[in-house]
Amino acid sequence: MSSSSAAGGGETFVKEITPQTEDFSRWYLDVVRKAELADYSPVKGFMVIRPYGYAIWERIQQELDTRIKATGHVNAYFPLLIPESLLLKEAEHVEGFAPQVAWVTRGGTEDLEEKLIIRPTSETIFGVMYQKWIQSWRDLPLLINQWANIVRWEKVTRPFLRTTEFLWQEGHTAHETAEEAQEETLKILALYKEVCEAVLAVPVIDGQKTESEKFAGASKTYSIEALMGDGRALQAGTSHNLGQNFAKAFEIQFQGRDKTLQYAWTTSWGVTTRLVGAVIMTHGDDSGLILPPKVAPWQVVIVPIPRGNWKETVLPKCQEIRDQLQAAGIRVKLDADDGNTPGWKFSEYEMRGVPLRLEIGPKDIEKSSVFAARRDTRAKQSLPMDGLAARVTSLLDEIQSALLDRARAFRDSHTSATTSYEEFKSIMDGRPGFVQAPWCGSAKCEADIKAETQATIRNIPFGFEKAPGVPCIKCNGDAIVTAWFAKAY
Ligand SMILES: [Zn+2]
């Protein structure tokens, strides 16, 4: 008999989580609250990221930071406040961001001579400094990233997905040629895609944003888009080719190899704490979170089964196994708190999405084995204590790739293609997901489709650039691309 059934592993203690099918949005908020990922704060629209949620963000940060540095970028830190005059320098940029800006007008007891904004993004202040630092082609490329907080005034907020303040990294680069800037823009998009898929197990579609969805002030915006468990898309990261727009607004000029004075070509790119929301909504189920091992604060939880003199027998063995796993680089928690039953702990760590649970009781010790339960499939098996760390490591790898496969299968089964607007509308009304449909490129068609169905063009994937001879789904004019539509967060 397994120690699991002996300890009553079938008990449910998470009744407070609304089932996904009943109300996905409620389910999301329940998981965020119950798993102690975030909480509301006394400031409306601002969340507190709690330690467990922050630990997930730290994992994401580390994985990104390593890759950002490996591709030649360095980190720096720029000011939180930006003078109003800088925001006004790039016309499209100010138009795009002005409605969301928070202002600082007073310092101590005095009104400020020039109002300051809390950064909604930092292209402007990077622009000013790049103008100072870049003189010659020898100063290029300049490849700087910063980890920072951002404020964008939001009317409707949701933890991690849309909050007035959020955390992110923003890369800002300057290049000698248009080609290099474009190469950088796509290199970062690929980096983001790799992190989403290999680390978060969140499959994404990469492609180009339409004119109306691109970043304010960019020449081209590219995005990665993921599909959440309710069939809505989530923009998971963006990379912008800014052309010479900001270089001209901020006079970022350099002397070229031919001695002529030229404007630099710049890019910017970012991903945010929203990725935590993507993980929750891609993998979670009615019992709560399911975390991919690579971002799980605890990859393994050890639950001792308290029988007889367990503190003298079972507990030392649990500690020994914890130490072995830790030595193998596995993040492990041993929960030896005897104030809670094993059954309570099983539910608690399931709800918190810990990928693998190990149960160890007197019978397991007799058999020199441990009882392992996977969070993703709930599959259970007995594992010999001998060689346990290697077996656990490979199980975690299996879980990591199984989660990506499952998310891919979900996305594929929620992706359809149509050339009929009637069918398009019925898909969006029923079981939403991605819909590939031909589009003529007109902003009016895009806006009409959004008004009638709530679906937006998420992006135009690479390799789907042309759809010759096919009529636009909305106006029947010549389609120029196959765009990916979805209702989005
Ligand atoms: Zn059209």
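That block above? That's the structure.
Residues numbered from 1 in each chain as written. Predicted model: local features only at pLDDT ≥ 70, side-chain atom pairs only at ≥ 80, totals over all residues. Heavy atoms only, no water.

### Quick word on the coordination of the zinc ion
The protein atoms that coordinate the zinc ion are Cys440 (SG), Cys445 (SG), Cys472 (SG) and Cys475 (SG), at distances of 2.3 to 2.4 Å. In this structure, the zinc ion is surrounded by four donor atoms whose angles at the metal cover 102 to 118°, and the resulting shape is tetrahedral. All donors of the zinc ion come from a single chain, and their spacing in sequence reads C-x4-C-x26-C-x2-C. Its relative accessible area of 40% is what places Cys475 among the partly exposed residues. (Donors = N, O, S within 2.8 Å, 3.2 Å for Na, K, Ca; no water. Tetrahedral: all angles 85-135°; square planar, octahedral: opposite > 155°, others 65-115°. Buried < 20%, exposed > 50% of the residue type's maximum accessible area, 1.4 Å probe, protein only.)

### Quick look at the packing of helix H14 (residues 421-429) against helix H15 (residues 443-453)
Packing of H14 against H15 leaves a shortest axis separation of 10 Å and a crossing angle of 45°. In terms of axis orientation, H14 runs oblique to H15. At the point where H14 passes H15, the crossing takes the right-handed sense. For the pair H14 and H15, contact is made by Tyr421, Phe424, Lys425 and Met428 and by Asp448, Ile449, Glu452 and Thr453, respectively. Taken together, the residues of the contact of H14 with H15 sort by class into four nonpolar, one polar and three charged. (Axes fitted to C-alpha atoms, helices over the stretch in contact; angles between N-to-C directions. Helix = DSSP H or I, 4+ residues; strand = E, 2+ residues; numbered from the N terminus. Parallel < 35°, antiparallel > 145°, perpendicular 65-115°, else oblique. Left-handed = near helix turned anticlockwise from the far one by under 90°. Contact = heavy atoms within 4.5 Å. Nonpolar A, V, L, I, M, F, W, Y, C, P; charged D, E, K, R; others polar.)

### Observations regarding the nonpolar core
Counting 56 residues, the largest nonpolar core has Tyr28, Leu37, Ile60, Leu64, Phe160, Leu200 and Ile280 as the members making the most contacts within it. Excluding anything up to four places from it in sequence, Leu64 contacts Trp147, Leu191, Tyr192, Val195 and Val271. One finds Ile290, Val332, Val370 and Leu388 within the second-largest nonpolar core, a separate group that totals 28 residues. (Core = buried A, V, L, I, M, F, W, Y, C linked by side-chain atoms within 4.5 Å.)

### Topic: H15
Within H15, the full set of buried residues consists of Cys445, Glu446, Ile449 and Thr453. In an axial view of H15, the angular spread of the buried residues amounts to 100°, which keeps them on one side of the axis. Within H15, the exposed residues directed more than 90 degrees away from the buried face are Lys444 and Ala451. Check the buried side of H15 and you find it contacts H14, strand S21 (434-439), strand S22 (456-461) and strand S23 (481-486). With a side-chain oxygen lying 3.2 Å from the backbone nitrogen of Lys444, the N-terminal cap of H15 falls on Ser442. (Arc of directions from axis to C-beta. Polar contact = N/O pair within 3.5 Å; in protein donor to acceptor, adjacent residues only side chain to side chain.)

### A few points about unusual backbone geometry
The residue after Leu140, namely Pro141, is reached through a cis peptide bond having omega -5°. By the element assignment, Pro141 lies in the loop between helix H6 (123-133) and strand S7 (142-151). One non-glycine residue, Glu251, lies in the positive phi region at around 55°. Positive phi outside glycine occurs at Lys259, with the angle close to 75°. Mapped onto the elements of the fold, Lys259 is located in the loop between strand S12 (253-255) and strand S13 (261-263). Judged by its relative accessible area of 63%, Lys259 falls in the exposed class.

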